[in-house]
Amino acid sequence: MVYLVSEMRQQSQKCENQSPKPSSSKDSNSPQTIQTYSDYIDSLSNHEKESFLKFGFEKANKLPRPPELPHKWIEVHWQEISAEWMKLQGKIPQVQQQKWKNHPYRIDGKTLRHSYDKGKNKKAIHMVSAWATTNRLVLGQCKVEEKSNEITAIPELIKVLDIAGCLVTIDAMGCQKEIVKSIVEKSGEYIIALKKNQGNLYKNVE
């Protein structure tokens, strides 16, 4: 078995394997903890800050109902905006690497024990869940009739999750174009198992 890894995640792994270079200048690659919008803005150079805010204003103006206070809208949605802005520049923001390391999301389906009823001809319940591995919390669930229906349930589950800048891991059941597309559209990254039953894709990845 091999794994499909999103492009940005591959770049992050390369960066993690490289020795850090000391830098005296203030830029977005400086080793600092980014937890808030203010932390993020402070981590940018003047040129980067100007470019980021311009991108944010343009994104706000394209909304069906542009916000009256675009600065506040950017402050609330800064992580999602940052992920998209950095992707356009081919860069990996530190806040993204922190999320990958500290808050990976695992999506998997499980059949609930003793949830069937033979007397009533009731099948066992199969549940698809999104699991925050670090915090040991279930972030969302979707009930499906059978295991094969995970393929249609996973995109619906992803729709209700905030995965911008986060790493999502799924087993081989999730190796589908629509699932990968739904993750990318929400500015998430992914690692998905790939089996040999997907012949051409398996050969290309291997």
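Residues numbered from 1 in each chain as written. Predicted model: local features only at pLDDT ≥ 70, side-chain atom pairs only at ≥ 80, totals over all residues. Heavy atoms only, no water.

*Asks:* Could you clarify how one ought to interpret the pairing of strand 5 (residues 167-170) in this entry?
*Replies:* It is a general feature of regular strands that their side chains alternate between the two faces of the sheet. Pairing between strand 2 (residues 105-111) and strand 5: three bridges, direction parallel. Along strand 5, the bridge assignment pairs Ile107 with Ile170. In terms of strand pairing, strand 5 meets strand 6 (residues 189-194) through four bridges, oriented parallel. By the bridge assignment, Ile170 is partnered in strand 6 with Ile192. In this view, the connection linking strand 5 to its parallel neighbour strand 6 by way of helix 8 (residues 177-185) has right-handed handedness. (Pairing = 2+ DSSP bridges. Helix = DSSP H or I, 4+ residues; strand = E, 2+ residues; numbered from the N terminus. Right-handed = clockwise from strand over helix to strand, strands pointing away.)

*Asks:* Help me out: how do you make sense of the environment of Asp108 in this one?
*Replies:* For Asp108, the location among the structural elements is in strand 2. Residue class for Asp108 comes out buried when judged on its relative accessible area of 18%. Sequence separation of Asp108 and Thr169 is 61 residues, and the distance between their C-alpha atoms is 8.7 Å. Within the local environment of Asp108, its side chain forms a polar contact with the side chain of Lys110, the two groups lying 3.5 Å apart. (Buried < 20%, exposed > 50% of the residue type's maximum accessible area, 1.4 Å probe, protein only. Polar contact = N/O pair within 3.5 Å; in protein donor to acceptor, adjacent residues only side chain to side chain.)

*Asks:* Please clarify how the pattern of salt bridges should be interpreted in this entry.
*Replies:* Note that side chains of opposite charge can pair when their charged atoms are close. A complete count under the given rule lists six salt bridges for this structure. The salt bridge involving Lys72 is made with Glu75; its shortest N-O contact spans 3.9 Å. Taken together, the residues span about one helical turn, with Lys72 and Glu75 both in helix 4 (residues 70-76) at a distance of three residues. According to the relative accessible area criterion, Lys72 is exposed, its value standing at 52%. Glu75 sits in the partly exposed class, given a relative accessible area of 36%. Arg106 is paired through a salt bridge with Asp108; the nearest N and O atoms lie 3.9 Å apart. Residues joined by salt bridges that share partners form a network here, namely Arg106, Asp108 and Lys110. (Salt bridge = Lys/Arg side-chain N within 4 Å of Asp/Glu carboxyl O.)

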